[in-house]
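Analysis of the macromolecular model
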Amino acid sequence: MTTVTTISPCKLNLFLYITSKRDDGYHNLQTLFVILNHGDKMTFIDTNDDEVLLLTDFGFPVEKNLIYKAAMALKKETGCKKGCKISIDKILPQGGGLGGGSSNAATTLLVLNKLWDLNLQEKTLINIGAKLGADVPIFIKGCTCFAEGIGEILTEKKIKNRYYLVATPECSVPTAKLFAHEKLKKDSKVRTFDELINTPFANCFEKVVVHEYPEVQNLLSILSQYGSAYMSGSGSSCFVGFDNLEDAKIAQKRISELNYKNFLTQSTDRSPVLKTLDTITES
(Lines give C-alpha, C1' and ligand atoms only; values in the text may rest on other atoms or scores of the structure.)
Protein backbone atom coordinates (compact mmCIF):
# COMPACT_ATOMS: atom_id res chain seq x y z
CA MET A 1 0.00 0.00 0.00
CA THR A 2 1.12 3.53 -0.80
CA THR A 3 -0.01 6.61 1.12
CA VAL A 4 -0.08 10.04 -0.50
CA THR A 5 -0.90 13.20 1.46
CA THR A 6 -1.20 16.49 -0.37
CA ILE A 7 -2.71 19.96 -0.22
CA SER A 8 -5.78 20.24 -2.46
CA PRO A 9 -5.42 23.93 -3.34
CA CYS A 10 -7.90 26.72 -3.94
CA LYS A 11 -8.03 29.25 -6.77
CA LEU A 12 -8.83 32.87 -7.34
CA ASN A 13 -10.44 34.46 -10.38
CA LEU A 14 -8.50 37.67 -10.95
CA PHE A 15 -11.14 38.70 -13.47
CA LEU A 16 -14.35 37.00 -14.61
CA TYR A 17 -16.79 37.82 -17.41
CA ILE A 18 -19.73 35.87 -18.83
CA THR A 19 -19.90 36.33 -22.61
CA SER A 20 -22.97 34.26 -23.55
CA LYS A 21 -25.37 31.48 -22.57
CA ARG A 22 -24.96 28.18 -24.36
CA ASP A 23 -27.61 25.87 -25.78
CA ASP A 24 -26.70 23.25 -23.16
CA GLY A 25 -27.61 25.62 -20.33
CA TYR A 26 -24.01 26.41 -19.38
CA HIS A 27 -22.39 29.81 -19.87
CA ASN A 28 -19.33 30.84 -21.86
CA LEU A 29 -16.87 32.89 -19.85
CA GLN A 30 -13.46 34.48 -19.86
CA THR A 31 -11.50 34.38 -16.63
CA LEU A 32 -7.96 34.42 -15.29
CA PHE A 33 -7.29 31.69 -12.73
CA VAL A 34 -4.43 31.62 -10.27
CA ILE A 35 -3.68 28.64 -8.01
CA LEU A 36 -2.85 29.33 -4.37
CA ASN A 37 -0.53 27.45 -2.02
CA HIS A 38 -3.38 26.86 0.41
CA GLY A 39 -6.20 24.36 0.70
CA ASP A 40 -7.68 21.21 2.18
CA LYS A 41 -5.37 18.35 3.17
CA MET A 42 -6.22 15.07 1.45
CA THR A 43 -4.79 11.61 2.15
CA PHE A 44 -5.04 8.66 -0.24
CA ILE A 45 -4.19 5.01 0.47
CA ASP A 46 -4.39 2.58 -2.44
CA THR A 47 -5.89 -0.88 -1.91
CA ASN A 48 -6.46 -3.97 -4.02
CA ASP A 49 -10.12 -4.60 -3.16
CA ASP A 50 -11.90 -2.58 -5.91
CA GLU A 51 -13.64 -0.38 -3.34
CA VAL A 52 -13.54 3.41 -2.97
CA LEU A 53 -13.95 4.38 0.68
CA LEU A 54 -14.40 8.02 1.68
CA LEU A 55 -13.45 8.00 5.35
CA THR A 56 -14.55 11.59 6.05
CA ASP A 57 -18.27 12.10 6.66
CA PHE A 58 -19.67 15.09 4.79
CA GLY A 59 -23.19 14.65 6.12
CA PHE A 60 -24.73 13.56 2.81
CA PRO A 61 -24.66 10.35 0.71
CA VAL A 62 -21.18 9.48 -0.54
CA GLU A 63 -22.55 8.93 -4.06
CA LYS A 64 -23.21 12.69 -4.28
CA ASN A 65 -19.69 13.63 -3.20
CA LEU A 66 -17.40 14.99 -5.95
CA ILE A 67 -14.41 13.12 -4.51
CA TYR A 68 -16.23 9.80 -4.79
CA LYS A 69 -17.64 10.73 -8.20
CA ALA A 70 -14.13 11.52 -9.46
CA ALA A 71 -12.75 8.18 -8.30
CA MET A 72 -15.65 6.28 -9.86
CA ALA A 73 -15.35 8.23 -13.13
CA LEU A 74 -11.70 7.18 -13.29
CA LYS A 75 -12.64 3.54 -12.75
CA LYS A 76 -15.33 3.75 -15.43
CA GLU A 77 -12.90 5.33 -17.91
CA THR A 78 -10.17 2.74 -17.38
CA GLY A 79 -11.85 -0.39 -16.02
CA CYS A 80 -9.45 -0.24 -13.08
CA LYS A 81 -10.16 -2.83 -10.35
CA LYS A 82 -8.00 -1.26 -7.65
CA GLY A 83 -9.42 0.62 -4.68
CA CYS A 84 -8.52 3.35 -2.23
CA LYS A 85 -9.26 4.97 1.10
CA ILE A 86 -9.59 8.76 1.06
CA SER A 87 -9.74 11.18 3.97
CA ILE A 88 -9.80 14.96 3.99
CA ASP A 89 -9.18 17.76 6.45
CA LYS A 90 -11.60 20.37 5.10
CA ILE A 91 -10.61 23.99 5.76
CA LEU A 92 -11.82 25.84 2.66
CA PRO A 93 -15.22 27.54 3.05
CA GLN A 94 -18.26 26.16 1.23
CA GLY A 95 -19.80 28.62 -1.22
CA GLY A 96 -16.74 30.85 -1.08
CA GLY A 97 -15.90 30.95 -4.78
CA LEU A 98 -12.51 29.34 -4.13
CA GLY A 99 -13.23 26.07 -5.94
CA GLY A 100 -12.68 23.76 -2.97
CA GLY A 101 -14.98 20.95 -4.10
CA SER A 102 -13.69 21.09 -7.67
CA SER A 103 -10.12 21.03 -6.40
CA ASN A 104 -10.87 17.95 -4.27
CA ALA A 105 -12.22 16.19 -7.37
CA ALA A 106 -9.20 17.17 -9.48
CA THR A 107 -6.80 16.12 -6.72
CA THR A 108 -8.54 12.74 -6.61
CA LEU A 109 -8.16 12.28 -10.39
CA LEU A 110 -4.49 13.28 -10.35
CA VAL A 111 -3.45 11.21 -7.33
CA LEU A 112 -5.40 8.06 -8.25
CA ASN A 113 -4.13 8.25 -11.83
CA LYS A 114 -0.68 7.91 -10.24
CA LEU A 115 -1.49 5.43 -7.46
CA TRP A 116 -3.43 3.13 -9.76
CA ASP A 117 -0.74 3.31 -12.51
CA LEU A 118 -3.30 4.43 -15.08
CA ASN A 119 -0.95 6.82 -16.92
CA LEU A 120 -3.78 8.86 -18.41
CA GLN A 121 -2.67 12.02 -20.18
CA GLU A 122 -3.58 15.46 -18.84
CA LYS A 123 -6.04 16.02 -21.70
CA THR A 124 -7.97 12.86 -20.78
CA LEU A 125 -8.09 13.83 -17.11
CA ILE A 126 -9.37 17.29 -18.08
CA ASN A 127 -12.13 15.72 -20.19
CA ILE A 128 -13.19 13.53 -17.25
CA GLY A 129 -12.96 16.47 -14.86
CA ALA A 130 -15.02 18.83 -17.03
CA LYS A 131 -17.98 16.46 -16.70
CA LEU A 132 -17.72 16.72 -12.90
CA GLY A 133 -17.61 20.52 -12.74
CA ALA A 134 -16.54 23.57 -14.72
CA ASP A 135 -13.69 24.42 -12.31
CA VAL A 136 -12.17 20.93 -12.18
CA PRO A 137 -9.95 21.33 -15.30
CA ILE A 138 -8.00 24.31 -13.91
CA PHE A 139 -6.95 22.26 -10.90
CA ILE A 140 -5.76 19.45 -13.17
CA LYS A 141 -3.61 21.97 -15.08
CA GLY A 142 -2.44 23.33 -11.72
CA CYS A 143 -1.03 26.63 -12.98
CA THR A 144 -2.05 30.17 -13.90
CA CYS A 145 -4.42 29.96 -16.87
CA PHE A 146 -6.68 32.09 -19.01
CA ALA A 147 -9.91 30.10 -19.28
CA GLU A 148 -12.65 30.24 -21.89
CA GLY A 149 -15.65 28.09 -22.82
CA ILE A 150 -17.20 26.91 -19.55
CA GLY A 151 -13.72 26.95 -18.05
CA GLU A 152 -12.32 23.91 -19.84
CA ILE A 153 -10.43 25.77 -22.62
CA LEU A 154 -7.25 26.64 -20.77
CA THR A 155 -4.23 28.62 -21.94
CA GLU A 156 -1.24 28.73 -19.59
CA LYS A 157 -0.08 32.24 -18.72
CA LYS A 158 2.95 33.60 -16.91
CA ILE A 159 2.15 36.43 -14.54
CA LYS A 160 3.97 37.58 -11.44
CA ASN A 161 3.20 35.50 -8.34
CA ARG A 162 1.88 37.66 -5.51
CA TYR A 163 0.78 37.39 -1.89
CA TYR A 164 -3.00 37.22 -1.51
CA LEU A 165 -5.06 37.97 1.56
CA VAL A 166 -8.32 36.07 1.21
CA ALA A 167 -11.22 36.68 3.60
CA THR A 168 -14.71 35.19 3.82
CA PRO A 169 -17.78 36.82 5.39
CA GLU A 170 -20.43 34.91 7.32
CA CYS A 171 -22.51 34.04 4.29
CA SER A 172 -22.53 31.40 1.57
CA VAL A 173 -23.50 32.36 -1.97
CA PRO A 174 -25.36 29.72 -4.07
CA THR A 175 -23.90 29.78 -7.58
CA ALA A 176 -27.02 28.41 -9.32
CA LYS A 177 -29.13 31.22 -7.89
CA LEU A 178 -26.70 33.82 -9.20
CA PHE A 179 -26.65 32.43 -12.74
CA ALA A 180 -30.45 32.75 -12.78
CA HIS A 181 -30.42 36.34 -11.48
CA GLU A 182 -32.06 38.81 -13.85
CA LYS A 183 -29.41 41.49 -13.20
CA LEU A 184 -26.39 39.28 -13.94
CA LYS A 185 -24.54 40.57 -17.01
CA LYS A 186 -24.18 37.65 -19.42
CA ASP A 187 -23.20 39.43 -22.63
CA SER A 188 -19.72 40.80 -21.97
CA LYS A 189 -17.73 41.44 -25.13
CA VAL A 190 -15.33 38.64 -26.09
CA ARG A 191 -11.82 40.06 -25.82
CA THR A 192 -8.27 38.79 -26.23
CA PHE A 193 -6.17 38.02 -23.18
CA ASP A 194 -3.92 41.00 -23.95
CA GLU A 195 -6.96 43.30 -23.96
CA LEU A 196 -8.26 41.86 -20.68
CA ILE A 197 -4.95 41.91 -18.80
CA ASN A 198 -4.58 45.60 -19.69
CA THR A 199 -8.14 46.51 -18.67
CA PRO A 200 -9.07 47.21 -15.02
CA PHE A 201 -10.15 43.83 -13.64
CA ALA A 202 -13.78 43.11 -12.79
CA ASN A 203 -16.02 40.20 -11.80
CA CYS A 204 -19.47 40.11 -13.42
CA PHE A 205 -20.97 38.42 -10.34
CA GLU A 206 -19.85 41.12 -7.93
CA LYS A 207 -22.58 43.68 -8.66
CA VAL A 208 -25.32 41.10 -8.09
CA VAL A 209 -23.74 39.59 -4.98
CA VAL A 210 -23.09 42.86 -3.16
CA HIS A 211 -26.73 43.81 -3.73
CA GLU A 212 -28.00 40.53 -2.28
CA TYR A 213 -25.35 40.07 0.40
CA PRO A 214 -24.32 43.30 2.19
CA GLU A 215 -21.73 41.28 4.15
CA VAL A 216 -19.73 40.95 0.92
CA GLN A 217 -20.00 44.68 0.22
CA ASN A 218 -18.72 45.46 3.73
CA LEU A 219 -15.76 43.14 3.34
CA LEU A 220 -14.81 44.55 -0.06
CA SER A 221 -14.93 48.07 1.39
CA ILE A 222 -12.56 47.09 4.20
CA LEU A 223 -10.14 45.21 1.94
CA SER A 224 -10.06 48.08 -0.56
CA GLN A 225 -8.18 50.15 2.04
CA TYR A 226 -5.16 47.97 1.25
CA GLY A 227 -5.39 47.72 -2.55
CA SER A 228 -7.77 46.71 -5.33
CA ALA A 229 -10.23 44.27 -3.75
CA TYR A 230 -12.23 41.70 -5.69
CA MET A 231 -14.61 38.83 -5.15
CA SER A 232 -13.48 35.39 -6.33
CA GLY A 233 -15.71 33.36 -8.63
CA SER A 234 -19.33 33.66 -7.62
CA GLY A 235 -18.33 34.62 -4.06
CA SER A 236 -18.48 35.07 -1.16
CA SER A 237 -14.71 35.08 -0.51
CA CYS A 238 -12.90 38.31 -1.40
CA PHE A 239 -9.23 39.08 -1.85
CA VAL A 240 -6.57 41.71 -2.30
CA GLY A 241 -3.11 41.13 -3.77
CA PHE A 242 0.25 42.36 -2.47
CA ASP A 243 3.78 42.45 -3.83
CA ASN A 244 5.21 42.84 -0.34
CA LEU A 245 4.70 40.28 2.46
CA GLU A 246 4.99 42.83 5.26
CA ASP A 247 2.18 44.95 3.79
CA ALA A 248 0.06 41.81 3.46
CA LYS A 249 0.67 40.90 7.12
CA ILE A 250 -0.41 44.37 8.29
CA ALA A 251 -3.67 44.02 6.36
CA GLN A 252 -4.22 40.48 7.67
CA LYS A 253 -3.79 41.66 11.27
CA ARG A 254 -6.56 44.22 10.76
CA ILE A 255 -8.89 41.73 9.04
CA SER A 256 -8.31 39.21 11.86
CA GLU A 257 -9.11 41.86 14.47
CA LEU A 258 -12.47 42.33 12.73
CA ASN A 259 -13.10 38.57 13.16
CA TYR A 260 -13.18 37.66 9.47
CA LYS A 261 -12.08 34.15 8.58
CA ASN A 262 -9.01 34.67 6.44
CA PHE A 263 -5.71 33.32 5.20
CA LEU A 264 -2.59 34.78 3.63
CA THR A 265 -0.71 32.83 0.99
CA GLN A 266 1.10 33.06 -2.33
CA SER A 267 0.04 32.17 -5.84
CA THR A 268 2.07 29.43 -7.52
CA ASP A 269 3.16 28.35 -10.99
CA ARG A 270 2.73 24.70 -10.03
CA SER A 271 -0.01 23.21 -7.87
CA PRO A 272 0.93 21.55 -4.54
CA VAL A 273 -0.65 18.34 -5.91
CA LEU A 274 1.65 18.26 -8.94
CA LYS A 275 4.65 19.02 -6.72
CA THR A 276 3.68 16.10 -4.47
CA LEU A 277 3.33 13.77 -7.45
CA ASP A 278 6.76 14.91 -8.69
CA THR A 279 8.32 13.55 -5.49
CA ILE A 280 6.61 10.18 -6.02
CA THR A 281 8.05 10.03 -9.54
CA GLU A 282 11.51 10.77 -8.22
CA SER A 283 11.43 8.22 -5.38
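Residues numbered from 1 in each chain as written. Predicted model: local features only at pLDDT ≥ 70, side-chain atom pairs only at ≥ 80, totals over all residues. Heavy atoms only, no water.

1. Examining the environment of Trp116
- In this structure, Trp116 sits in the loop between α2 (100-115) and α3 (122-132).
- Look at Trp116 and you get buried, because its relative accessible area is 2%.
- Ignoring anything within four residues of it in the chain, the contact list for Trp116 reads Asp46, Val52, Ala71, Leu74, Lys75, Cys80, Lys82, Gly83 and Cys84. (Helix = DSSP H or I, 4+ residues; strand = E, 2+ residues; numbered from the N terminus. Buried < 20%, exposed > 50% of the residue type's maximum accessible area, 1.4 Å probe, protein only. Contact = heavy atoms within 4.5 Å.)

2. Side note on the packing of aromatic side chains
- Taken as a whole and assessed by the stated rule, the structure comprises nine aromatic pairs.
- Here the aromatic rings of Phe58 and Phe60 are separated by 6.0 Å at their centres, their planes lie at 55°, and the arrangement is tilted.
- Taking 6.4 Å as the distance between ring centres and 50° as the angle between the ring planes, the aromatic pair formed by Phe201 and Tyr230 counts as tilted. With Phe201 in the loop between α6 (193-197) and α7 (206-212) and Tyr230 in strand β8 (residues 229-231), this pair connects stretches of sequence that are 29 residues apart.
- Note on Tyr230: relative accessible area 17%, which makes it buried.
- An aromatic cluster of at least three residues, connected via ring pairs, comprises Phe15, Tyr17, Phe146, Tyr164, Phe193, Phe201, Tyr230 and Phe239.
- Its end group placed over the ring of Tyr17, Arg191 keeps NZ or CZ at 4.6 Å from the ring centre. (Phe/Tyr/Trp six-rings, centres within 6.5 Å; stacked < 30°, edge-to-face > 60°. Lys NZ or Arg CZ within 6 Å of the ring centre and 35° of its normal.)

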